[in-house]
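What the coordinates show
Here's the letter readout for the chains.
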Amino acid sequence: MRHSLPSRAFGVALAGTLSALLLASCSTASSSAVDASDEDIAAGVTYATEQLAKYESDPQFTLDAPAFDMKTIAGKTIFAIPTSSANPYNVAVDDESKLVAERYGATWVEYTNQGQPAQWTSGVEQAINQKADLIVLSQGIDATLIAPSLQKAKAAGIPILLTHTLLRGEPVDPAITDLISAYTDAPLSEANRLTVDWMIKQTEGKGNALIITSNEVPPAEAEVAAMQDELGKYCPACTAKVVNVPVADWATKIQTEVQSALTSDPSIDFILPIYDSMSLYAQSGIVAAGKKGSVEISSVNGTPAVLKIQQDDGIVTMNVGESIPWLAWATMDQAGRLLTGTEPVAEGAQATPLKLITADNIDQTGTPPAPDKGYGTAYVEGYEKLWGTP
């Protein structure tokens, strides 16, 4: 096996060093492996393996909240603004949310954009002009960048729902607390720790990773910090480098960054994108560098297009999946509560779950993978019990 558990003092020191290395611009930062005993390395691998095992089964529905009549949202208009329509994960979640909204008689309007704050602002203004009943800011929008337009929406009496952007346990930014009516959080720090754990297990504690981030996405810094912390505590013989690629540049720069990194450091054996849609371009960089078969990807979200790569060629070896329909139903639970005048559920109550998708269970997601397969259907019965059926 290739990894280990360092002493607490060593772990804290290394984690601090790794955190200090993360840069805030289009840049890279690296950290070096340190001498570690075989016992420390083995302990880290054991820890990582135990963590991964906790997420192998279908998740259960745990939301405990007051029931309400979802049918009364019929005739309402929900105006959704995703972080970027170029991100297939954003599109997939919103497509599923639209299906749920329409099932209960509401209209879902999707605002197509390329991830620019000016476009998000324009979207909010369009929602106001169209007299929407609810605005959904979905999957990573930094709402602080469009606060003036959100103030206009509030003045127009339109509630704002922020989805899958705040990390679990993270509060809304004080600058926009009075502008956000409700939100659903995201277990992305936990998920990205698991991608590190997978690398620890796969490399037997001696991996060399390229972490790909997008610093302008609100949760990104904390997600990378969690990965660095996991490395610092449980992977002393590992090496990691961080590269930042803005969302708008994924399609044009991720392949080049990956290919360049693999060429300059042939010992890199893992690519860890913080969002799996980045893998669509990272895998091209691996192929272009001639490293297919020696470099793996593990990431987060469970986007069907990325699961297809995992299923077909094995470059992606693990995905920390989040059920896309489950996220959509969680979004619509909060949306329905706002539209019906019901109190939104409290922070963390939705607790949308995670599941490891590996070669052992990838076919459970469908052939080809589909959003509604691989996680069970506990959420459908759970939410219909709260909402009633249409």
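Residues numbered from 1 in each chain as written. Predicted model: local features only at pLDDT ≥ 70, side-chain atom pairs only at ≥ 80, totals over all residues. Heavy atoms only, no water.

**Remarks on the overall build of the chain**
Summing up its helical and strand segments, the chain has twelve helices and twelve strands in all. Taking 390 residues into account, the globule formula puts the C-alpha radius of gyration at 21 Å, and the chain, at 21 Å, falls close to it. Along the first, second and third principal axes, the C-alpha atoms of the chain reach 60 × 40 × 40 Å. Looking at the chain as a whole, 55% of its 390 residues qualify as buried. (Helix = DSSP H or I, 4+ residues; strand = E, 2+ residues; numbered from the N terminus. Rg over C-alpha atoms; globule rule 2.2 N^0.38 Å. Buried < 20%, exposed > 50% of the residue type's maximum accessible area, 1.4 Å probe, protein only.)

**Remarks on the state of the cysteines**
A covalent bond bridging the sulfur atoms of two cysteines is what the word disulfide describes. One pass over the structure, following the stated rule, counts one disulfide. There is a disulfide in this structure between C235 and C238, and the S-S distance comes to 1.8 Å. (Disulfide = S-S within 2.5 Å.)

**Some points on the sheet that holds strand 4 (residues 134–138)**
Reading across the sheet, the five strands line up as 3-2-4-5-6 and stay open at both edges, with parallel pairing between neighbours. Edge positions in the open sheet fall to strand 3 (107–110) and strand 6 (182–186), since each of these has one partner strand only. On average, adjacent strands in this sheet sit at an angle of 20° to one another, irrespective of strand direction. (Pairing = 2+ DSSP bridges. Axes fitted to C-alpha atoms, helices over the stretch in contact; angles between N-to-C directions.)

**Brief notes about unusual backbone geometry**
For the bond from T367 to P368, the omega torsion is 0°, close enough to zero to count as cis. Here P368 shows up in the loop between strand 12 (355–357) and helix 12 (378–387). The phi torsion at Q139 lies on the positive side, around 60°, for a residue other than glycine. Looking at the element boundaries, Q139 is found in the loop between strand 4 and helix 5 (147–155). Positive phi is not limited to glycine here, since N301 has a value of about 130°. Assignment of secondary structure puts N301 in strand 10 (residues 296–301).

**Notes on the nonpolar core**
Of all hydrophobic cores here, the largest spans 55 residues; its most connected members are I211, I212, V258 and I271. Of all the elements, helix 6 (residues 188–202) adds the most residues to this core, at seven residues. Each residue touching I271, except ones within four places of it in the same chain, is listed here: L210, I212, V258, L262, A282, I286, V295, E296, I297 and S298. In terms of nonpolar packing, the next biggest core, distinct from the first, is built from 28 residues, W326, M332, Y383 and W387 among them. (Core = buried A, V, L, I, M, F, W, Y, C linked by side-chain atoms within 4.5 Å. Contact = heavy atoms within 4.5 Å.)

**Quick notes on the side chain of Q310**
As for its placement among the helices and strands, Q310 is situated in helix 10 (residues 304–313). Setting aside residues up to four positions removed in sequence, Q310 forms contacts with V316, T317, M318, N319, I357, T358, A359 and I362.

**Observations regarding the pattern of salt bridges**
Scanning the model with the defined rule gives 13 salt bridges in all. With a closest N to O distance of 2.4 Å, D312 and K308 form a salt bridge. Here the residue D312 and the residue K308 both occupy positions in helix 10, the gap between them amounting to four residues, near one helical turn. For K308, a relative accessible area of 32% puts it in the partly exposed group. Between D333 and R337 there is a salt bridge, with its nearest N and O atoms 2.7 Å apart. Of this pair, D333 and R337 both sit in helix 11 (residues 324–339), separated by four residues, roughly a single helical turn. Here the residues in one salt-bridge network are R193, D229, E230 and K233, joined through shared partners. (Salt bridge = Lys/Arg side-chain N within 4 Å of Asp/Glu carboxyl O.)

**Points about the environment of P390**
Note that P390 resides in the segment after helix 12. Distance in space between the C-alpha atoms of P390 and Y104 is 5.6 Å, their sequence separation being 286 residues. Residue contacts for P390: discarding those within four places in its chain leaves K71, R103 and Y104.

**Some details on the pairing of strand 6**
With respect to burial, strand 6 is a largely interior element, five of its five residues being buried. Burial along strand 6 is two-sided: A182, T184 and A186 facing one way and Y183 and D185 facing the other are all buried. Bridge count for strand 5 (residues 160–167) against strand 6 is four bridges, and the pairing is parallel. Along strand 6, the bridge assignment pairs T163 with T184.

**Re the pairing of strand 3**
Pairing of strand 2 (residues 77–82) with strand 3, which is carried by four bridges, proceeds in the parallel orientation. Bridging from a neighbouring strand, I78 pairs with W108 of strand 3. Following the chain from strand 2 across helix 3 (residues 88–103) to the adjacent parallel strand 3, one finds a crossover that is right-handed. (Right-handed = clockwise from strand over helix to strand, strands pointing away.)

**Observations concerning the packing of helix 11 against helix 12**
In contact at an axis separation of 10 Å, helix 11 and helix 12 are set at 10° when each is read in the N-to-C sense. One element, helix 11, and the other, helix 12, form an angle in the roughly parallel class. Contacts from P325, W326, W329, A330, M332, D333 and R337 in helix 11 reach Y379, V380, Y383, E384, L386 and W387 in helix 12. Its residues placed into classes, the contact of helix 11 with helix 12 shows ten nonpolar, no polar and three charged. (Parallel < 35°, antiparallel > 145°, perpendicular 65-115°, else oblique. Nonpolar A, V, L, I, M, F, W, Y, C, P; charged D, E, K, R; others polar.)

**Remarks on the packing of aromatic side chains**
By the definition in use, this model includes ten aromatic pairs. Members of the aromatic cluster, connected to one another through ring pairs, are F61, Y104, W326, W329, Y379, Y383 and W387. (Phe/Tyr/Trp six-rings, centres within 6.5 Å; stacked < 30°, edge-to-face > 60°.)

Limitation: the analysis is restricted to geometry and does not speak to function.
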